[in-house]
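Descriptive analysis of the structure
Take a look at the letters that make up each chain.
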Amino acid sequence: MEAGKGLWSLIQDQILGMKWLKDAVGAGLTAMGTDISSRLGGSVHFFIYDIIKITILLCTLIFVISYIQSYFPPERSKRILGRFHGLGARIAAALLGTVTPFCSCSSIPLFMGFTGAGLPLGVTFSFLISSPMVDLGSLVLLTSIFGVKIAAVYVLLGLFVAVLGGTVIEKLHMEAEVEEFIRMAGRVDLEGPALTVRDRLAYARDQVEFTFRKVFPYILAGVGIGAVIHNWIPGEWIETALGSGNPFGVVLAVLVGVPMYADIFGTIPVAEALLAKGAQLGTILSFMMAVTTLSFPSMVMLGKAVKPRLLGTFAAVCTVGIIFVGYSFNLFQYLFI
């Protein structure tokens, strides 16, 4: 048992968390005369370490996930989802979202295709909620910082929100709230050519390049904000706004997160810094969910495909679900840390 715990600790700290990299960056900065215990030196240390760590994890994860994703093109995904019905279909859609795009703006075109293909609205919305909020990349990255227990519960609750959201929307029978050009889209399924291993590797490589270029500016911004929070903002301020003393901390975190646009890779450095400063775990995770699922740009894009009533229902259901997750984590935080 102890050997198993020691092995997992090694994996989490040195492989996923890359503590060796943190030590190496610190030693390099110290050798160049930088005092990493000072605010400025600590910020530089945090920034360089997190940028390198997230870049390594990002490229590795995108390659692996994109290779897996090559087995699930839109045509095949529609056929898979078409085999399920009712709650099972919504669960399948939420699970399928874990191996598809990394942000909500990338998920919306797939949502449009699934809706135009005639899949039930609840199924397509379960996919739309799950895809940016919960993916294999978030599981690994969250594990690297918060541990496997927190990462696993985050993913499970994210899937719960996705299934619940899809269920509510389906029960409301809001099919008429989808724009006509989406509902009347062609339903032709073209069988794609069989891909060889070389094709899949080339696809994964191209996805690494495309996704990295797309999300790296948000990583820079996220790590920069995290470095400021980590070394310049007093912990008392964070605890007052987002700690246990503020019963509205979760709501505040969601309201702050909604106008932002980033993905899981850009929000994790901010979350890491907030946790170190005393913010409650559930409050932090609610912030991450709000940023990745309800960002203003993605809502604008979704507004082109659905009418205001359905858009508002989607936002309300997601907001209530995210707030529920946040307070649930805060209530049982002692079980996870």
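Please read all numbers here as calculations on a predicted model, not as lab measurements. (Residues numbered from 1 in each chain as written. Predicted model: local features only at pLDDT ≥ 70, side-chain atom pairs only at ≥ 80, totals over all residues. Heavy atoms only, no water.)

1. Quick look at the overall build of the chain
Scanning the chain from N- to C-terminus turns up 17 helices and zero strands. When the 337 residues of the chain are sorted by exposure, 50% land in the buried category. Summarising the internal contacts of the chain: among those between residues at least 6 apart in sequence, 83% fall at separations of at least 24. Carbon and sulfur atoms make up 70% of the accessible area of the chain, which amounts to about 15400 Å² in all. (Helix = DSSP H or I, 4+ residues; strand = E, 2+ residues; numbered from the N terminus. Buried < 20%, exposed > 50% of the residue type's maximum accessible area, 1.4 Å probe, protein only. Contact = heavy atoms within 4.5 Å. Areas by Shrake-Rupley, 256 points an atom, 1.4 Å probe, with all protein chains shown as cover.)

2. What about the packing of aromatic side chains?
This model, assessed by the stated rule, comprises three aromatic pairs. Between Phe125 and Phe314, the aromatic rings sit 5.5 Å apart at their centres with planes inclined by 45 degrees, giving tilted as the arrangement. With Phe125 in helix H7 (residues 121-133) and Phe314 in helix H17 (residues 308-331), the pair connects residues that are 189 residues apart, well separated along the chain. Phe125 gets classed as buried once you look at its relative accessible area, which sits at 0%. Arranged with centres 6.0 Å apart and planes meeting at 45 degrees, the rings of Phe160 and Phe324 form a pair that is tilted. Pair noted here: Phe160 is in helix H9 (residues 148-171) and Phe324 is in helix H17, with a separation of 164 residues, a long-range link. (Phe/Tyr/Trp six-rings, centres within 6.5 Å; stacked < 30°, edge-to-face > 60°.)

3. Let's talk about the nonpolar core
Judged by nonpolar contacts, the single largest core of 76 residues is most densely connected at Phe125, Leu302 and Phe314. Sorting elements by how many residues they give to this core places H9 first, with 10 residues. For Phe314, the contacting residues outside a window of four places in its chain are Phe125, Leu128, Ile129, Ile169, Thr293, Leu294, Met299 and Leu302. Core analysis: the next-biggest nonpolar cluster, separate from the first, contains 11 residues, Ala89, Leu110, Leu119 and Phe127 among them. (Core = buried A, V, L, I, M, F, W, Y, C linked by side-chain atoms within 4.5 Å.)

4. Comments concerning the confidence of the model for the chain
Should pLDDT be low for a region, the predicted coordinates there are not to be read in detail. Mean pLDDT over the chain works out to 78, with 82% of the residues at or above the 70 mark. No element of the chain has a lower mean pLDDT than helix H1 (residues 2-16), which averages 62, and none a higher one than helix H2 (residues 19-31), which averages 90. Here residues 186-191 is modelled with pLDDT under 50, and outside its nearest four sequence neighbours on either side it reaches nine contacts, counting other chains as well. (pLDDT = per-residue confidence, 0-100.)

5. Considering the pattern of salt bridges
Where charged atoms from two side chains of opposite charge come close, those side chains can pair. According to the stated counting rule, one finds five salt bridges in the structure shown. Among the salt bridges present, the one from Glu170 reaches Arg90, with a minimum N-O distance of 3.1 Å. Of this pair, Glu170 sits in helix H9 while Arg90 sits in helix H5 (residues 86-96), and the two are 80 residues apart along the sequence. Side by side, Glu170 and Arg90 carry an identical accessibility label, which is buried. A salt bridge links Asp206 to Arg205, with the nearest nitrogen and oxygen atoms 3.4 Å apart. (Salt bridge = Lys/Arg side-chain N within 4 Å of Asp/Glu carboxyl O.)

6. Looking at the packing of H2 against helix H3 (residues 39-69)
The axes of two packed helices give the description: the angle between them and the distance between them. The interhelical angle for the contact between H2 and H3, taken along N-to-C directions, is 140 degrees, at an axis separation of 9 Å. Relative to H3, H2 is oriented oblique. Note that H2 runs across H3; the crossing there is right-handed. Residues Leu21, Lys22, Val25, Gly26 and Leu29 of H2 lie in contact with H3, whose contacting residues are Val44, His45, Ile48, Tyr49, Ile52 and Lys53. (Axes fitted to C-alpha atoms, helices over the stretch in contact; angles between N-to-C directions. Parallel < 35°, antiparallel > 145°, perpendicular 65-115°, else oblique. Left-handed = near helix turned anticlockwise from the far one by under 90°.)

7. Notes on unusual backbone geometry
Phi angles above zero are rare outside glycine, and His173 is one such case at about 50 degrees. Judged by relative accessible area, His173 falls into the exposed class, the value being 60%.

8. Topic: helix H13 (residues 249-257)
For H13, the complete set of buried residues consists of Gly249, Val250, Ala253, Val254 and Gly257. Viewed along the axis of H13, the buried residues span an arc of 135 degrees, placing them on a single side of the element. (Arc of directions from axis to C-beta.)

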